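Architecture and fold: a report
Each chain, written out:
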Amino acid sequence: MYTPIYAGERRQSLIGFFAINVHWIEIGGNPDRIDRHLHGGAAAALHQAVVEGEPIEEVYRIIENNTRMPLELMGDIAAQLAGCLLGRDLTAELADKIRHRDLRARVELILDQSEAAARAFIAAMPDGIYATETYLDNDRSGDTPVPIKVKVIVAGDELTVDYSELAGQAKGPINSGYFGGGQTTARVAFKIFAGRGRDGQ
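We now turn to the structure provided with this report. Since we're looking at a predicted model, the values are computed, not measured.

**Regarding the pattern of salt bridges**
In total, this model carries 9 salt bridges according to the counting rule given. Across the pair E64 and R61 runs a salt bridge, and its minimum N-O distance is 2.6 Å. Here the residue E64 and the residue R61 both occupy positions in helix α2 (residues 57-64), the gap between them amounting to 3 residues, near one helical turn. Taking the relative accessible area as the measure of exposure, E64 reaches 26% and is therefore partly exposed. Between R119 and E115 there is a salt bridge, and its shortest N-O distance comes to 2.9 Å. Highlighted residues: R119 and E115, both in helix α4 (residues 100-123), separated by 4 residues, approximately one helical turn. Looking at R119, the relative accessible area reads 29%, which means it is partly exposed. Residues participating in the shared-partner salt-bridge network are E57, R61 and E64.

**Quick word on the packing of helix α3 (residues 70-98) against α4**
For the pair α3 and α4, interaxial distance at closest approach is 6 Å and the crossing angle is 105°. With respect to their mutual orientation, α3 and α4 come out roughly perpendicular. From α3, T91, L94, A95 and I98 reach across to α4, where they touch H100, D102, L103 and R106. Taken together, the residues that form the contact of α3 with α4 break down as 4 nonpolar, 2 polar and 2 charged.

**With respect to the packing of α2 against α3**
Pairs of packed helices are described in terms of their axes, by the angle between the two and the distance that separates them. Two elements in contact, α2 and α3, have axes separated by 10 Å at closest approach and are oriented at 135°. In this view, α2 runs oblique relative to α3, as classed from their interaxial angle. Taking contact as the criterion, the partners of Y60, R61, I63 and E64 in α2 are, on α3, P70, L73, M74, I77 and L81. The residue inventory of the contact of α2 with α3, partitioned by class, reads 7 nonpolar, no polar and 2 charged.

About the criteria used
Residues numbered from 1 in each chain as written. Predicted model: local features only at pLDDT ≥ 70, side-chain atom pairs only at ≥ 80, totals over all residues. Heavy atoms only, no water. Salt bridge = Lys/Arg side-chain N within 4 Å of Asp/Glu carboxyl O. Helix = DSSP H or I, 4+ residues; strand = E, 2+ residues; numbered from the N terminus. Buried < 20%, exposed > 50% of the residue type's maximum accessible area, 1.4 Å probe, protein only. Axes fitted to C-alpha atoms, helices over the stretch in contact; angles between N-to-C directions. Parallel < 35°, antiparallel > 145°, perpendicular 65-115°, else oblique. Contact = heavy atoms within 4.5 Å. Nonpolar A, V, L, I, M, F, W, Y, C, P; charged D, E, K, R; others polar.

Here is the structure:
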């Protein structure tokens, strides 16, 4: 969930977006049912659940009707929305306090420093190819093990996580895409590894 952040005297300068990324509970409705809803006219509004502070009820009902735990899920979404709006307002206040152009420069400085720290951490590792493999017991649709083979390539201050030898597409519900799976797991693993290395553990 994300919302634009406007700063300035009249809140006319778009300075970025505030986002909250969470896992929703028990999304397991019938895909055909969702498809019928979308082709019935909600597709254009699917990514916009709130307009001028008011919820788009049709979008909320699509979500609510395609979960096994609607009460809990809708409560989580309400909390996610509240956090998103609060974060938007606090970021706008901060931008007004230090001027939004200065805020952008400071964000860029943080990103540059973070990249430099990450590259220095990688550069301290011996160059080489580090490989490991394991497996999942099954893909939740049968009893065949699913192999997981990963290589990490270190060259200078660059690190590549190579998933090219992973198992192919599975019949069961364990498939994962580039952004929601591979990229995320690689980043999380690197952050954990770098954190332990910094603390000497």
